[in-house]
Amino acid sequence: MRRYLAVGLDSYLCLLAVGLLVRSCLNSGGTGHAVALLVVQLVTLSFANQVLLTMAVRASAGKLIMGVRVIRLPDAGRPGFRVLVLRWLYGLLWLPRQPWRRLRRGQGAAGGPESAPGRPSAPHEDLAGVRQVRCSDLRSYRAAMAGRPD
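Undergrad: Explain the overall build of the protein chain residue by residue, including any values.
TA: Regarding its fold elements, the protein chain presents 6 helices and 2 strands. Sequence-ordered secondary structure for the protein chain, helices as α and strands as β, is α-α-α-β-α-α-β-α. Of all 150 residues assigned to the protein chain, the portion counted as buried reaches 27%. Restricting to contacts in the protein chain with at least 6 residues of sequence separation, those with at least 24 account for 63%. Surface summary for the protein chain: the accessible area is close to 10000 Å², and the carbon and sulfur share equals 65%.

This is the structure we're talking about:
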């Protein structure tokens, strides 16, 4: 549940920031130009929040509020830039299309979810090999690993 709330907070904060910047776009001359500026601002803020902030503190703004961190699997390390960009693009381009794909397949379609290569096979798995965990669980894991004899 924390993950979904964190995603909702991230979306809300990004839209709020763009909403505050909308006044500067409205005076830019023309509706098309204003919409283009808004889309560029929205994508830029999303990238900064999901990639750059996650690189710096292991969490986006919503995840920081909800006490969730992003870790690299299998060693619980800090995810790299390339992995975070892949994860951001996956969330930006592939996930929003899923309701539409389910509608196109039909309500009574037999068979399970698609299992194409490179796509997560379960809802909790992540395409880029990262996982979202609670801060307290990450601290417990690190404490257990520090006390483990090699």
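Now that the structure is up, let's keep going.
Undergrad: Quick rundown of the environment of Gly-62? Include the residues and the values.
TA: Looking at the element boundaries, Gly-62 is found in helix α3 (residues 61-66). The spatial distance from the C-alpha of Gly-62 to the C-alpha of Asn-49 is 9.0 Å, given a sequence separation of 13 residues.

Undergrad: Give a detailed account of the pattern of salt bridges, specifying residues and quantitative values.
TA: All chains considered together, the criterion is met by 3 salt bridges. A salt bridge links Asp-10 to Lys-63; the nearest nitrogen and oxygen atoms lie 3.6 Å apart. One end of the pair, Asp-10, is in helix α1 (residues 2-26); the other, Lys-63, is in helix α3, with 53 residues separating them in the sequence. No difference in accessibility class separates Asp-10 from Lys-63, as the two residues are buried.

Undergrad: Go over a nonpolar patch on the surface with me, naming the residues and quoting the values.
TA: Together, Val-35, Val-39, Val-43, Leu-89, Leu-92 and Leu-93 make up a nonpolar patch on the protein surface, roughly 460 Å² of accessible area in all. Looking at the nonpolar patch, the elements that each hand over two or more residues are α2 (31-57) and α4 (81-94). Positionally, Leu-89 belongs in helix α4. Residue class for Leu-89 comes out partly exposed when judged on its relative accessible area of 35%.

Undergrad: Requested: an account of the packing of aromatic side chains, with residues and values cited.
TA: Enumeration over the complete set of coordinates arrives at 2 aromatic pairs. Aromatic side chains Phe-47 and Phe-81 sit 6.3 Å apart centroid to centroid with 80 degrees between the ring planes, which places their arrangement in the edge-to-face category. Taken as a pair, Phe-47 in helix α2 and Phe-81 in helix α4 lie far apart in primary sequence, 34 residues in all. For Phe-47, a relative accessible area of 22% puts it in the partly exposed group. Residue classification places Phe-81 among the partly exposed positions, given a relative accessible area of 42%. Where Phe-47 meets Trp-88, the ring centres are 5.1 Å apart and the plane angle is 80 degrees; that geometry is what we call edge-to-face.

Undergrad: Outline the side chain of Asn-49, supporting the account with residue identities and numerical values.
TA: Looking at where Asn-49 falls in the secondary structure, it is placed in helix α2. Once you skip the residues sitting within four places of it in the chain, Asn-49 turns out to touch Asp-10, Thr-54, Ser-60 and Ala-61.

Undergrad: Tell me what's going on with the packing of α2 against α4, and back it up with residues and numbers.
TA: At a minimum axis separation of 9 Å, α2 and α4 run at an interaxial angle of 140 degrees. Classed by the angle they form, the pair α2 and α4 counts as oblique. Two packed elements cross with a definite hand, and for α2 against α4 that hand is right-handed. Residues Val-43, Ser-46, Phe-47, Gln-50, Val-51, Leu-52, Thr-54 and Met-55 of α2 form the contact with α4, whose participating residues are Phe-81, Leu-84, Val-85, Arg-87 and Trp-88. Here the contact of α2 with α4 is composed, by residue class, of 9 nonpolar, 3 polar and 1 charged.

Thresholds, definitions, all that
- One numbering rule holds for all chains: residues counted from 1, following each sequence as written.
- With the structure being a predicted model, the display of local features is reserved for residues of pLDDT at least 70 and the display and counting of side-chain atom pairs for 80 or more, all residues being used for whole-chain, interface and lining totals.
- Each side-chain value is derived from all of the structure's non-hydrogen atoms; neither hydrogens nor water enter the calculation.
- Here a strand is any run of E in DSSP of at least two residues, a helix any run of H or I of at least four, and the numbering for each starts at the N terminus.
- Per-residue accessibility, obtained with a 1.4 Å probe over protein chains only, is compared with the maximum for each type, and a residue is labelled buried under 20%, exposed over 50%, and partly exposed between these values.
- Whether two residues touch is decided by their heavy atoms; if any such pair falls within 4.5 Å, the residues are in contact.
- The protein chains shown are the only cover counted for residues, whose accessible areas, like all others here, come from Shrake-Rupley with a 1.4 Å probe.
- Each salt bridge in this description consists of a side-chain nitrogen of Lys or Arg and a carboxyl oxygen of Asp or Glu lying within 4 Å of one another.
- For patch building, the residue pool is restricted to those with more than 30% relative accessible area and no salt bridge; the joining distance is 9 Å between like charges and 5 Å between nonpolar side chains (Val, Leu, Ile, Met, Phe, Trp, Tyr).
- Centres within 6.5 Å are what make two rings of Phe, Tyr or Trp a pair, Trp counting through its six-membered ring; a difference in plane orientation under 30 degrees is then read as stacked, over 60 as edge-to-face, and the rest as tilted.
- Axis angles are defined between N-to-C directions and span 0 to 180 degrees, where every axis is a line fitted to C-alpha atoms and, for a helix, only to the segment in contact.
- Oblique is the label for any angle not under 35 degrees, not over 145, and not in the 65 to 115 range, which are roughly parallel, roughly antiparallel and roughly perpendicular in turn.
- By convention the crossing between two helices is left-handed if the near helix lies anticlockwise of the far one by an angle smaller than a right angle, and right-handed if it lies clockwise.
- The residue classification treats Ala, Val, Leu, Ile, Met, Phe, Trp, Tyr, Cys and Pro as nonpolar and Asp, Glu, Lys and Arg as charged. All others, Gly included, are polar.

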